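Results of the structural survey
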Amino acid sequence: MTALAGHTLFDTAIGPCGIAWGPRGIAGVQLPEADAEATRTRLLRFTGPLPQAMAPPEVLAAIREITALLAGEPHDMSAIVLDLSGLTDFQRRVYALARAIPAGQTRSYGELAEDLGGKHLARAVGQALGFNPFAPVVPCHRILAAGQRPGGFSAHGGAATKLRMLAAEGAGPNGTGTLF
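These remarks concern the structure in this document. Worth saying up front: this structure is predicted, and the values here are computed from it rather than measured.

Turning to the pattern of salt bridges, a few remarks are in order. Tallied over the full model, the rule gives four salt bridges. Between E111 and R107 there is a salt bridge; the shortest N-O distance is 4.0 Å. Judged by its relative accessible area of 33%, E111 is partly exposed. The salt bridge involving R107 is made with D115; its shortest N-O contact spans 2.7 Å. It is possible to trace a salt-bridge network through shared partners that takes in R107, E111 and D115.

Quick look at the packing of helix α3 (residues 89–99) against helix α5 (residues 122–131) now. Contact geometry for α3 and α5: axes closest at 10 Å, N-to-C directions at 80°. Of the possible angle classes, the one that applies to α3 and α5 is roughly perpendicular. In contact with F90, Q91, V94, Y95 and A98 of α3, α5 contributes A124, V125, A128, L129 and F131. Classifying every residue of the contact of α3 with α5 by side-chain character gives nine nonpolar, one polar and no charged.

Here we come to the sheet that holds strand β2 (residues 15–22). One open sheet accounts for three strands, arranged β1-β2-β3; its pairing is antiparallel. Both edges of this open sheet fall to β1 (6–12) and β3 (25–30), since each of them pairs with a single strand only. Pairs of neighbouring strands in the sheet enclose a mean axial angle of 25°, with direction left out of account. As paired elements, β1 and β2 share seven bridges and run antiparallel to each other. Across the sheet, residue H7 finds its bridge partner in β2, namely A20. Taken strand by strand, helix α2 (residues 57–70) contacts β1, β2 and β3, and its axis lies near 30° from that of β1.

So, about the packing of aromatic side chains. In this structure the tally under the stated criterion is one aromatic pair. Geometrically, the ring pair formed by F46 and F131 is edge-to-face, given 5.4 Å between the ring centres and 85° between the ring planes. Here the residue F46 occupies a position in helix α1 (residues 36–47), and F131 occupies one in helix α5, the gap between them amounting to 85 residues. Judged by its relative accessible area of 27%, F46 falls in the partly exposed class. Relative accessible area serves as the criterion here: at 33%, F131 is assigned to the partly exposed category. Across the ring face of F46, the terminal group of R45 is positioned such that the distance to the ring centre comes to 4.8 Å.

Glancing now at the pairing of β1. As a general feature of sheets, a regular strand has side chains that alternate between the two faces. Burial of β1 is extensive: five of the seven residues sit out of reach of the surface. Between β1 and β2, which pair antiparallel and follow one another directly, the connecting turn spans two residues.

So, about unusual backbone geometry. With an omega of 5°, the peptide bond between A135 and P136 qualifies as cis. With respect to the helices and strands, the residue P136 is situated in the loop between α5 and β5 (143–144).

Cut-off values and rules
Residues numbered from 1 in each chain as written. Predicted model: local features only at pLDDT ≥ 70, side-chain atom pairs only at ≥ 80, totals over all residues. Heavy atoms only, no water. Salt bridge = Lys/Arg side-chain N within 4 Å of Asp/Glu carboxyl O. Buried < 20%, exposed > 50% of the residue type's maximum accessible area, 1.4 Å probe, protein only. Axes fitted to C-alpha atoms, helices over the stretch in contact; angles between N-to-C directions. Helix = DSSP H or I, 4+ residues; strand = E, 2+ residues; numbered from the N terminus. Parallel < 35°, antiparallel > 145°, perpendicular 65-115°, else oblique. Contact = heavy atoms within 4.5 Å. Nonpolar A, V, L, I, M, F, W, Y, C, P; charged D, E, K, R; others polar. Pairing = 2+ DSSP bridges. Phe/Tyr/Trp six-rings, centres within 6.5 Å; stacked < 30°, edge-to-face > 60°. Lys NZ or Arg CZ within 6 Å of the ring centre and 35° of its normal.

Now the structure itself:
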């Protein structure tokens, strides 16, 4: 039997990831930390305590898409339903822009800021992405600093993990091929 709310860990090409769900959709996704327990701890820090449970079909579908993406098989994950109820309006807007970036392409913090009202919002965009509880469904790894530099990345391994994920997608500026 599956739970209406719960969490589970699953293996990917870059290590064990975590996913949590509730009645409103995916409540959180966690990229690998140093080990499985650290992944679970960080996931539940964002979602609150949820039981470990067998994932329902829609969560299993999301797991398959995340696993494929992290193995270098680009997937459009825009149909995955996320529970955005605990986020600010600004975070929701940033995440919507990030979700619109296709695999293999990148944008800059400044470009997203311009779309949201001006370059002066670039730092706020970075802060929203640093909080992102849905990576890689909200593909914050596709957003770069000025000059195509990787910028920060809050997942374990920092910018090296971001670069690895981008390389797996063949990401380059404006879809022009790999940056690396």
